[in-house]
Amino acid sequence: SSSSSSSNSSSSSSSSSSVVDEVAQLSSEVDKEEGGEDREEEQEENKEDGSLVAKGEEETSLQEEASWTEEDLRQLVSDITSVVREARSSDLDVGPLLREKQLLRESRQCAMALRVLRLEGRNEEAIALFTTADEFFKPDVAIEAEILAAFGSMGRWPQLFDEFNRLKQRGLQPDLACYNFLMYALAMTDQQSRALELLKDMTRHQIDPDVATYEWAMMCSNSTDAPDVKLGLLRSMKANKLLPTQACYRRVLHSLARSSSCEQSLNLLNEMREADIKIDEKSLYYVLSACIAGMDPEKAFQTAMKLEADASITFTELHYDMSISACESAGKWQEIIMLASRMGERGVSPNGITCNSVLRACVELGNWQAALTLLGSMKDDGIELDGLAYSTVLQACAQAKQWEEVLRLHAMMEDSQSSAVREDIAQPVIAALWELGRAEDAQKFYHEATDRGWLRLWRRRRFGVGPAMLDTRKVVPQVANIAVDIALSEARQQTTDPAASLFPGASVRKGAQDVVVVVNDEDIGGEGEVLEAVDGSTAAAVLDVAHQLLGKKAKLECLRDPVACIRIPGSELEVQRVQEAMRDFMMSHKPGL
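Scoring rules and cut-offs
Residues numbered from 1 in each chain as written. Predicted model: local features only at pLDDT ≥ 70, side-chain atom pairs only at ≥ 80, totals over all residues. Heavy atoms only, no water. Helix = DSSP H or I, 4+ residues; strand = E, 2+ residues; numbered from the N terminus. Buried < 20%, exposed > 50% of the residue type's maximum accessible area, 1.4 Å probe, protein only. Contact = heavy atoms within 4.5 Å. Areas by Shrake-Rupley, 256 points an atom, 1.4 Å probe, with all protein chains shown as cover. Expected span 1.5 Å × (residues − 1). Polar contact = N/O pair within 3.5 Å; in protein donor to acceptor, adjacent residues only side chain to side chain. Core = buried A, V, L, I, M, F, W, Y, C linked by side-chain atoms within 4.5 Å. Phe/Tyr/Trp six-rings, centres within 6.5 Å; stacked < 30°, edge-to-face > 60°. Lys NZ or Arg CZ within 6 Å of the ring centre and 35° of its normal. Axes fitted to C-alpha atoms, helices over the stretch in contact; angles between N-to-C directions. Parallel < 35°, antiparallel > 145°, perpendicular 65-115°, else oblique. Left-handed = near helix turned anticlockwise from the far one by under 90°. Nonpolar A, V, L, I, M, F, W, Y, C, P; charged D, E, K, R; others polar. Pairing = 2+ DSSP bridges.

> Got a minute to help me understand the overall build of the chain in this structure?
Helices and strands together make up the secondary structure of the chain, namely 29 helices and seven strands. When burial is assessed residue by residue, the chain has 50% of its 593 residues classed as buried. Put simply, 65% of the contacts in the chain that link residues at least 6 apart link residues at least 24 apart. Of the roughly 29300 Å² of accessible surface on the chain, a fraction of 47% belongs to carbon and sulfur atoms.

Here you go:
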């Protein structure tokens, strides 16, 4: 049996070296204060990491074995690991095999066996071995710590809580490792009040919390989102002469961001600098969030610019996007261009949101050419542009009356962002077609826009009768031209003659309804009863097209009460219909026809 054990230990020494090295390294670092940074890398905030085998926990649970030599520890772990893997390969129960190899003679060997099983990912076997430990060993804190860790690794929080209570009922005083495993479970189940009570219990029993204890206490959610609890924990750490880690500061900053506590966030950021703690991406994100939400736009912009200029802080794409957003809120368009330039200098690639902000900045600065060039460069660089990017530049070109560019950008959108075409795109496209002499295409696209719901200009009554209302307050004059032209044409076609109902077989006609075209208040000028459309306005465009269709003598009214509008009486539509009928009649009776 001894020979077999030696053979197995030799053959598996290579495969078990990782576990041996890990445990031995942890043992040699028991009394060091360096665990915080390594723990931070292994545990994500927001509870994304469910693993309980973190360096800080292992260091604490190995305090009792600190008197072992590194060589003894390596040999013990190697022997236990070999037996554990032999049991797995032979499908044997690991407990009897360990006893057969004389590796379960004392409690600390049992604790180490539990740890090896846990590090091998065999938590169920660790629990099975633990259930038989009472038959061979007296209650032992080291064994209890390992089984608490096993329950934690499996996310079995109720069993972990029960075992901790059972530990105390058996007259054992939990050590720091046990308290830390329980604190981790409370963090994973968002039990902040119990976590604070646990800290008090540790004080009563003269167990000094370590950095890991505070890190996990800070992971507990605060239902009120008030940062006072986490700030209190941070102060307690300092009072206990513990150096808060990056993770501790980050969790406090997260809480401050939720409550928009900008000044406190900036103070903590300065503390991190003074303690030479690296300001990570999330911590900086929380500080910027607190400032943007808790300051007026001008001050938030100044703070963001100051942080970006700090060489000790690394801005990522996310932080530039937030800073550009702050500039946008403050109307600092030139600063947005500057930040975009800094992104390029630092090799930070912009995302779609940042690109849209930069394009808007170019437009707001009146430089549609720069916006157009930048859009082309972004597209060539493979940046995924959304409909807003195209829309921003397209509308800028429309304002600059660059109609060819409007149609070119629209064609690009149809190829890559067809779903993004809507009212703010449809109007400039219709205007461009109209201005380029493509009236038929403009009318066709107008019909498509109304059919698809991009333009909704008609306001009709659900019940009863009344004038047909066309709302042109948000449309450009070119679109108003087409809308009124089509509206009057349709209105004339829908009129019927009431006298025709007296004659069987004749079509029934009724008087035409008024057409009311609602315009902007500033479109109607004049005073008293003498009102007229302001030159160049949408109202002027409506009058022009109406006179073209109904004749210069048509009696059209400009009104302000109850709303600014152009009233086209139904009687004028009837006159037009009669005149058309007379022309048709005269044409049909010409000689030779």
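Now that the structure is up, let's keep going.
> Teacher, can you tell me more about helix 11 (residues 176–188) here?
The end-to-end C-alpha separation of helix 11 is 18 Å, in line with the 18 Å expected for 13 residues at 1.5 Å each. Burial within helix 11 is extensive, with 13 of its 13 residues counted as buried. Two or three places before alanine 177, at the start of helix 11, stands the capping residue aspartate 175, its side-chain oxygen 3.2 Å from that residue's backbone nitrogen. Phi turns positive, to about 55°, at aspartate 190, one or two residues after helix 11.

> What exactly am I supposed to notice about the nonpolar core here?
One recurring pattern in soluble globular proteins is that nonpolar side chains are buried together. By size, the foremost hydrophobic cluster in this structure holds 107 residues, and its most contacted members are Ile80, Leu98, Leu160, Leu268 and Leu307. With 12 residues, helix 11 is the largest single contributor of residues to this core. Those residues in contact with leucine 268 that lie beyond four places of it in its chain are Leu231, Leu234, Tyr249, Val252, Leu253 and Leu256.

> What is the right way to read the packing of aromatic side chains from this model?
How two aromatic rings sit relative to each other is given by the distance of their centres and the angle of their planes. This structure, assessed with the given rule, holds seven aromatic pairs. Plain terms: the ring middles of tryptophan 157 and tyrosine 184 are 6.2 Å apart, the flat faces sit at 50° to each other, and that makes the pair tilted. Placement of tryptophan 157 in helix 10 (residues 157–169) and of tyrosine 184 in helix 11 is noted, with a sequence separation of 27 residues between them. Here the aromatic cluster, defined as three or more aromatic residues joined through ring pairs, consists of Trp157, Tyr184 and Trp216. Note that arginine 194 overlies the ring of phenylalanine 161, its terminal NZ or CZ placed 4.8 Å from the centroid.

> How should the environment of methionine 413 be read in this particular structure?
Here methionine 413 lies in helix 24 (residues 403–416). Its relative accessible area of 0% is what places methionine 413 among the buried residues.

> I tried to follow the packing of helix 17 (residues 281–294) against helix 18 (residues 297–309) on my own but got confused; where do I start?
Think of two packed helices as two axes; the pair is described by the angle between the axes and how far apart they sit. With their axes 9 Å apart at the nearest point, helix 17 and helix 18 run at an angle of 160° to one another. Taken together, the axes of helix 17 and helix 18 are roughly antiparallel relative to one another. Crossing angle aside, the handedness with which helix 17 passes helix 18 is right-handed. In this structure, helix 17 uses Leu284, Val287, Leu288, Cys291 and Ile292 to contact helix 18, whose residues at the interface are Ala300, Thr303, Ala304 and Leu307. Its residues assigned to classes, the contact of helix 17 with helix 18 shows eight nonpolar, one polar and no charged.

> I'm lost on the sheet that holds strand 2 (residues 468–471) in this one. Help?
Adjacent strands of a sheet pair through backbone hydrogen bonds, lying either parallel or antiparallel. Strand order in the open sheet made by the five strands is 1-2-3-7-6, with mixed pairing throughout. Strands with a single pairing partner mark the edges of an open sheet, and in this sheet they are strand 1 (458–459) and strand 6 (557–559). Here strand 3 (residues 515–518) runs beside strand 7 (residues 565–568); their pairing, made up of four bridges, is antiparallel. From the neighbouring strand, valine 517 faces strand 7, where its bridge partner is isoleucine 566. Against the sheet, helix 28 (residues 538–550) engages strand 3, strand 6 and strand 7, with an angle of about 10° to strand 7.

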